[in-house]
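# Geometric and topological summary
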Amino acid sequence: MTEGPGFPLSDPGEWGIRKASMKSFRYLPPLLCLCLSLSLSATAGGATGETGHVQPDECAKIDDNAVRLRCYDERSGRIPAGEGSESNLSKMWDLDTELRHGGFALRPYRFNYVLPYTFNATPGKEASQGSGSEKGVQHQEVKFQISFKTKLWQDVLGRDMDLWLAYTQLSFWQFYDFENSAPFRETDYEPELLLNFRTNYNLLGLRGRFINVGFNHQSNGRSEPLSRSWNRVVANFGFERDSLVVILNTWYRIPEKERDDDNPGMGSFLGYGQINVHYHRDGHLVGIIVRNNLRGRGNKGAVQLDWSFPLARFLGGYVQYFNGYGESLIDYRASANRIGAGFILKEW
């Protein structure tokens, strides 16, 4: 196999897995508890940005009508009149009080797209097991993702937080393998339950808009030896500044007994989090997702580059490049080097 820049790829003949030491997990539960405590304090205290220390009764003391109204708006999380359209993160998580849509409506979660043609220069050994072909997996295949969420409970217990249910399905289809009836090589199913805290604080010039914590299950729904599944506790942090969106995803894998573990050594390949950066302008989106296990020895990671551009009202063109580990569950131990082009469904 070849090596992508900064992402050492394993030798095709080397498939041994070093189990992640449980010692690396012992600090994670306290850290997740700390994240939850911070999110509760953030929502209890309201905005902690420029006007974070101003109480509503202090807003009433302001003589200037416009300044007083802005004070109340910032304290309540509303968008002041004339301030422009809803921000990207507000659309994604229904953050602004003035423009909230209520619950039980399907919304986009992650990207919804179809790539009719992708080419993977380094299909892995384990990926071939799910191809349905004795000749192994083809380099070219179709890749598509369906991802949506719905709000189950708005303003939980009267606080600035909402309960969401999300679902993502990622499929890899050997459509061009006509000799073997074009089988689906892999489909990963990922339901999540997320408690989203609406926040408003400043950090390094970025506005912190949400913290969500919850439970994530991912599996491919197959029997042994191709079964893959894992459960995680997740904590995600959303920031924005104008058209720039930064989302930090962190997770802690819930330990399993060795005999039940479908994905031994997952932390060695997928690490404990990733960072997503997207920039929106004139209907275009440019993004990067970076993941790394943060280990000096046996360092592994992944990078995904995204570009979408407008085609129609609800449809855009989409180009995606992925290099690294963990593109799918079946071959999380193999490094993919894939590029594809197709279509993406815009926000609805």
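Residues numbered from 1 in each chain as written. Predicted model: local features only at pLDDT ≥ 70, side-chain atom pairs only at ≥ 80, totals over all residues. Heavy atoms only, no water.

## Let's talk about the environment of F184
Inspection of the secondary structure puts F184 in strand 5 (residues 184-203). Relative accessible area serves as the criterion here: at 42%, F184 is assigned to the partly exposed category. A sequence separation of 43 residues divides F184 from E141, and the C-alpha atoms of the two residues are 9.4 Å apart. (Helix = DSSP H or I, 4+ residues; strand = E, 2+ residues; numbered from the N terminus. Buried < 20%, exposed > 50% of the residue type's maximum accessible area, 1.4 Å probe, protein only.)

## Some remarks on the nonpolar core
Core analysis: the largest hydrophobic core is formed by 19 residues, its most contacted members being L89, W93, F210, W230, M266 and L270. Among the secondary structure elements, those contributing two or more residues to this core are helix 4 (88-93), strand 4 (161-173), strand 7 (229-241), strand 8 (244-253) and helix 6 (266-270). Not counting residues up to four positions away in its chain, the partners in contact with F210 are L89, W93, L95, N196, F197, T199, N236, F237, G238 and I247. Core analysis: the next-biggest nonpolar cluster, separate from the first, contains eleven residues, V156, Y201, F237 and F239 among them. (Core = buried A, V, L, I, M, F, W, Y, C linked by side-chain atoms within 4.5 Å. Contact = heavy atoms within 4.5 Å.)

## Focus on the packing of aromatic side chains
Scanning the entire structure with this criterion turns up 16 aromatic pairs. Look at F148 and Y167: their rings are 5.8 Å apart centre to centre, the planes differ by 50°, and that puts the pair in the tilted class. Taken together, the residues F148 in strand 3 (residues 140-153) and Y167 in strand 4 connect sequence positions 19 residues apart. You can call F148 partly exposed: its relative accessible area is 28%. (Phe/Tyr/Trp six-rings, centres within 6.5 Å; stacked < 30°, edge-to-face > 60°.)

## Structural notes on the side chain of D94
By secondary structure assignment, the location of D94 is in the loop between helix 4 and strand 1 (107-108). Taking relative accessible area as the criterion, D94 reaches 0% and is therefore assigned buried. Polar side-chain contacts of D94 include one of 2.7 Å to the side chain of K151. (Polar contact = N/O pair within 3.5 Å; in protein donor to acceptor, adjacent residues only side chain to side chain.)

## Things to note about the side chain of Q169
By secondary structure assignment, the location of Q169 is in strand 4. Ignoring sequence-local partners within four residues, the contact set of Q169 consists of F144, Q145, I146, T187, D188 and Y189.

## Here's the deal with the pairing of strand 13 (residues 336-345)
On a regular strand, one side chain projects to one face of the sheet and the next to the other, so that they alternate. With seven bridges connecting them, strand 2 (residues 112-120) and strand 13 associate as antiparallel partners. Its bridge partner lying in strand 13, Y113 is registered against I344. As judged from the ten bridges shared by strand 12 (residues 315-324) and strand 13, these two strands associate in the antiparallel manner. Bridging across to strand 13, V319 finds its partner in A341. (Pairing = 2+ DSSP bridges.)

## Things to note about the environment of S90
If you trace the backbone, S90 turns up in helix 4. Residue class for S90 comes out buried when judged on its relative accessible area of 0%.

## Things to note about unusual backbone geometry
The step from E224 to P225 runs through a cis peptide bond, and the omega angle for that step is 5°. Tracing the backbone through its elements, the reader meets P225 in the loop between strand 6 (206-219) and strand 7. One non-glycine residue, A182, lies in positive phi territory at about 50°. With respect to the helices and strands, A182 occurs in the loop between strand 4 and strand 5. The class of A182 is buried, set by a relative accessible area of 18%.

Any functional reading would require information that these geometric values do not contain.
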